[in-house]
Amino acid sequence: MHELLNIRQISKLPLPIRVNAIAAAKQSLNDLWTVADVVRAQTADFCSKPTVLSTLPVFYANLDLQFIPTPQMMESVMSNVSSPSHIDAALVSLMGVSQLAGLSAFQPFLENKHSSLCPDLWERVWPWIQFFDTYWDCIPGFSKSERRAVRLTHCSLVSTLQEHPRIAEIADTTPGLHSIFSRAWVTLLLDSKVDEDTKIATTSYLIPNVAMNMHVLPHIFDEVLDGADGNLERLALAFIEQLSILTTNKSNDVHLESTQMFSLGNVSGLLTVPAKAEQQWTSFLLKHGIVTRVVRALDCIFTVKHWQRVYKDIAGELMQYLLKLLLASRGYRWIAESLQAGLLRGIISWPLREASFTNFVLMFLGADISHIVPGKTAKGILPLALTSPSVIIEMRNALKDAQVLAKDPRFEVSDLFDSWQQMVDLAKTRGAVLDKWEAAGKPSSLACDNMSCGKIGGKNEFKQCSGCQCVHYCSGDCQTVDWNDGHRQDCDQLRMACAQYPEPLTTRERSFLRFLMHHDYLQLLPIVSCQELQILRQRPNEDQVTIFNYTDRSGVITHLDAAHEIDADPRLAIELPIQLWRAARSGGRMRVHLMDFLHGGGEATYRLFPLRVADAEFHAALKSMAKTRPLSSDVYEQAMHDEICIRSLVAKAVRSTAIH
């Protein structure tokens, strides 16, 4: 036992306090409170002197492990209105030790790895803290706020003792330690009555024992989750609240700014959780606004007044996580949320503060990064998401502010500017299509799926098949004809495909995609027709599908593929042969078109939007041209001739009714 813990040390105290200390060491609770109050108030002259540590034996004596109640004893405690004196004495003693550990006189013992004072204290302090964590709810006489204050005192004491090298070595493997810190952290953050300044100051010493080393030691996550009562969503809410207060309450003080940034770095350890919980954890974080918090956190880091090199690592970890979220998450909601949170402003300003982040920003814009990572081309999260009405709207709003920043001369000469301008141009083009869609009343037209009819009209003029709910008819007679022509065999397949692979797109999203594709089809009809003519000449008997590819950051690209070469998802694998069979029976009034796009930031996916036309004259003319012997052996001359003929046909075709 260290000499400072010997009861004889009490003799060094000033007389008035010595009397109280002797009585307190003999379990006098009132005298123990007096000694603790003197230390806590720090008004006595001796509090700034090493002699103040002579009160340690008093607290140490009252933390004797033999006083810890057994589970049987705690059963009787729960039936009383007040707690036993040994429990009260231990609470006061832990508070006293915590106050002493925070004094400058105690600091040398924390720094000296050969000193046994801290390890000796730990042997008594830790079991008592574990006891209180286990039985807090069973000990009467304490309010909710008092319990929270005691928990925080215990965590503060443990955090201070961890500064000693020998205790730091065993902390991560000490069972229950992370659970205690997590419980205090979650309870504090989710208490709406606690102000943000208090939360920032207090959580700064809680976070390291909640979030650090979680990816290295999996058991830490289990303890942290236990501290949130085993409720993963409750833990996610605390994490979101922590990010929120760290990024909305910025300080001009260098020390406080540094504290906030390091807390931000520590809490980012919770971004990575064990694989078993990752999917649900990410789902809860997305639900409660993690995208907005991460964008704001990045903005907070890059706008600090006193930049430090370590902030670069914190920002890098957060930006990698944001990219991971947007690339892995299906749906447009999170991309729209990132734009609303200020991502466009960050794309411009972040690399201007720290040039090395240009590489990350390229991933958002979709520029060629092969000069950075050989053979690698960025998808371009933002331009490729401009197939969504919600993203287009948020992009339009965000550009109002961002375009002002984009005029910065440093940005205009950067490697990012050309890609930025390309995205802005695409956003304007898609915004114009969105305006047309809305001005037209978000039209929804259908065609009769009896291929011998093919009537085109408004949605309310048709009834859908009650079985598969995938095909529509203008009359009962047409339904009967189509049933006999093959829908009898297809109906159950389509119904099961829809049930097994439900449509993740909203009705609004799907309606706009259909309108966008039809708009681009009319713009690109000469090109599409030339491509179709070539295929009709080369492979006239092969099923072909026209693909409108929206996975290029510059806009839409069209090409024709053989149906059997398309890498279809399970639902499309069922639908495509059925639609090809319908097209073959349509007499040229239906052609199979696919949209290739990214649903959110995830992998590319197809949507089937067949082209339906009121008459077959255009398609018949193309087939006739394909059968005609080429006029010239010169490929260029023949292409020019074909283009002239096709443009003449297109001029007539655009006046004919057509829908997707």
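Residues numbered from 1 in each chain as written. Predicted model: local features only at pLDDT ≥ 70, side-chain atom pairs only at ≥ 80, totals over all residues. Heavy atoms only, no water.

Going by the annotation in an unreviewed UniProt entry, the name recorded for the protein is MYND-type domain-containing protein, with Favolaschia claudopus given as the source organism.

(A) Region of interest: the nonpolar core. Within the largest apolar cluster, 180 residues are counted, with the highest numbers of intra-cluster contacts made by Trp185, Ile290, Leu344 and Trp420. Ranked by residues supplied to this core, first place goes to helix α7 (residues 117-135) with 11 residues. Counting residues in hydrophobic clusters, the runner-up holds 14 residues, among them Leu572, Ala583, Met590 and Leu594. (Core = buried A, V, L, I, M, F, W, Y, C linked by side-chain atoms within 4.5 Å. Buried < 20%, exposed > 50% of the residue type's maximum accessible area, 1.4 Å probe, protein only. Helix = DSSP H or I, 4+ residues; strand = E, 2+ residues; numbered from the N terminus.)

(B) Representation of the confidence of the model for the protein in the model. In the predicted model, the protein carries a mean pLDDT of 86, and the fraction of residues at 70 or more is 92%. Below pLDDT 50 for its whole length, residues 368-378 participates in 16 contacts with residues either more than four positions away or in separate chains. (pLDDT = per-residue confidence, 0-100. Contact = heavy atoms within 4.5 Å.)

(C) Spotlight on the pattern of salt bridges. This model, assessed by the stated rule, comprises 23 salt bridges. Linking aspartate 191 and arginine 148 is a salt bridge whose minimum nitrogen-to-oxygen distance equals 2.5 Å. One end of the pair, aspartate 191, is in the loop between α10 (177-189) and α11 (196-206); the other, arginine 148, is in helix α8 (residues 144-161), and 43 residues separate them in sequence. A salt bridge links glutamate 542 to arginine 539; the shortest N-O distance between them is 2.7 Å. (Salt bridge = Lys/Arg side-chain N within 4 Å of Asp/Glu carboxyl O.)

(D) Seen up close, unusual backbone geometry. The backbone of lysine 442 shows a phi angle near 50 degrees, a positive value even though the residue is not glycine. Given the relative accessible area of 38%, lysine 442 is considered partly exposed. For glutamine 469, which is not glycine, the phi dihedral falls at a positive 60 degrees. Position of glutamine 469 among the secondary structure elements: in the loop between β3 (463-464) and β4 (472-473).

(E) Highlighting the packing of aromatic side chains. This model, assessed by the stated rule, comprises 18 aromatic pairs. Between phenylalanine 302 and tryptophan 350 the ring centres are 5.7 Å apart and the planes differ by 20 degrees, which places this aromatic pair in the stacked class. On the criterion of sequence distance, the pair formed by phenylalanine 302 in helix α17 (residues 290-302) and tryptophan 350 in helix α20 (residues 343-353) is long-range, its members being 48 residues apart. Assessed through its relative accessible area of 4%, phenylalanine 302 is described here as buried. When the centroid spacing of 5.9 Å and the interplanar angle of 80 degrees are considered together, the rings of phenylalanine 411 and phenylalanine 417 count as edge-to-face. Linked through ring pairs, Phe262, Phe302, Trp307, Tyr311, Trp350, Phe357 and Phe360 together constitute an aromatic cluster. Over the face of the ring belonging to tyrosine 60 we find arginine 124, whose NZ or CZ atom lies 3.9 Å from the ring centre. (Phe/Tyr/Trp six-rings, centres within 6.5 Å; stacked < 30°, edge-to-face > 60°. Lys NZ or Arg CZ within 6 Å of the ring centre and 35° of its normal.)

(F) Expanded view of the sheet that holds strand β6 (residues 555-562). Taken in spatial order, the 4 strands line up as β6-β5-β8-β9 in an open sheet, and their pairing is mixed. Each having just a single partner strand, β6 and β9 (604-608) make up the two edges of the open sheet. Direction aside, neighbouring strands of the sheet carry axes that sit 25 degrees apart on average. Helix α27 (residues 507-538) contacts β5 (544-552), β6, β8 (593-598) and β9 of the sheet and is inclined by roughly 55 degrees relative to β6. (Pairing = 2+ DSSP bridges. Axes fitted to C-alpha atoms, helices over the stretch in contact; angles between N-to-C directions.)

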